[in-house]
Amino acid sequence: MTKYGENTRAQLRQLMIANGVAPARAAQAVDLACHGAESAVMALTEVCDRASDTALRLMAYEVGLQLAASQLNEIFASVHALATASGCTTTCGAVEVPAHG
């Protein structure tokens, strides 16, 4: 699965570079971030696919997505605050991902 294509990755790298991240570090951060995001979605999908029928799978997936989104928003706020407090260069906020990266 490759949700985040080269166009999306290039945009993310450029955003980070524009915020002072060295190109090599931006490339590594984007690769890790994309792999992590793809892996998280794949893990949720694999678990929900174990449901005994389609309706149950969809219910589990919907609830799982909401739980993950809530937890990820909390983690993002904490990580962003920690990065800002430590002087670490970040993307400076939310990143917009094109629909078909």
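In what follows, the structure referred to is the one given above.
This text gives an overview of the structure that appears in the document. The residue numbering used here restarts from 1 in each chain and proceeds along that chain's sequence as written. Whole-chain, interface and lining totals are the exception, using all residues; otherwise, since this is a predicted model, local features are given only for residues with pLDDT of at least 70 and side-chain atom pairs are given and counted only at 80 or more. Side-chain calculation: all heavy atoms of the structure are included, whereas hydrogens and water are not.

### So, the overall build of the chain
For the chain, the helix and strand inventory stands at three helices and zero strands. A total of 101 residues make up the chain; the buried ones form 19% of that total. Throughout, a residue-residue contact means that at least one pair of heavy atoms, one from each residue, lies within 4.5 Å. Expressed as a percentage of contacts within the chain between residues at least 6 apart in sequence, the contacts between residues at least 24 apart total 52%. Throughout, the Shrake-Rupley method with a 1.4 Å probe supplies accessible areas, and for residues the shown protein chains are the sole cover considered. Accessible surface, the chain: about 7,100 Å² in total, of which carbon and sulfur atoms supply 62%. We count a stretch as a helix when DSSP gives it H or I for four or more residues in a row; a strand needs E for two or more, and each element gets its number in order from the N terminus. When a residue's accessible area, from a 1.4 Å probe over protein chains only, is under 20% of the maximum for its type it is buried; when over 50% it is exposed; and in between it is partly exposed.

### Looking at the packing of helix α2 (residues 23–48) against helix α3 (residues 54–85)
The axes used here are C-alpha line fits, helices contributing only the stretch in contact, and every angle between their N-to-C directions lies in the interval 0 to 180 degrees. Their axes nearest at 9 Å, the elements α2 and α3 cross at an angle of 150°. Here α3 runs roughly antiparallel to α2, going by the angle between their axes. Like other packed secondary-structure pairs, α2 and α3 cross with a definite hand, here right-handed. The residues of α3 that touch α2, namely those facing Val-41, Leu-44, Thr-45 and Cys-48, are Arg-57, Ala-60, Tyr-61, Gly-64 and Leu-65. The residue makeup of the contact of α2 with α3, split by class, is six nonpolar, two polar and one charged. Throughout this description, any angle smaller than 35 degrees is read as roughly parallel, any larger than 145 degrees as roughly antiparallel, any in the 65 to 115 degree range as roughly perpendicular, and the remainder as oblique. Definitions for this section: a left-handed crossing has its near helix turned counterclockwise from the far helix by less than a right angle. A right-handed crossing has that turn clockwise. Ten residue types, Ala, Val, Leu, Ile, Met, Phe, Trp, Tyr, Cys and Pro, are classed as nonpolar, four, Asp, Glu, Lys and Arg, as charged, and the remainder, Gly among them, as polar.

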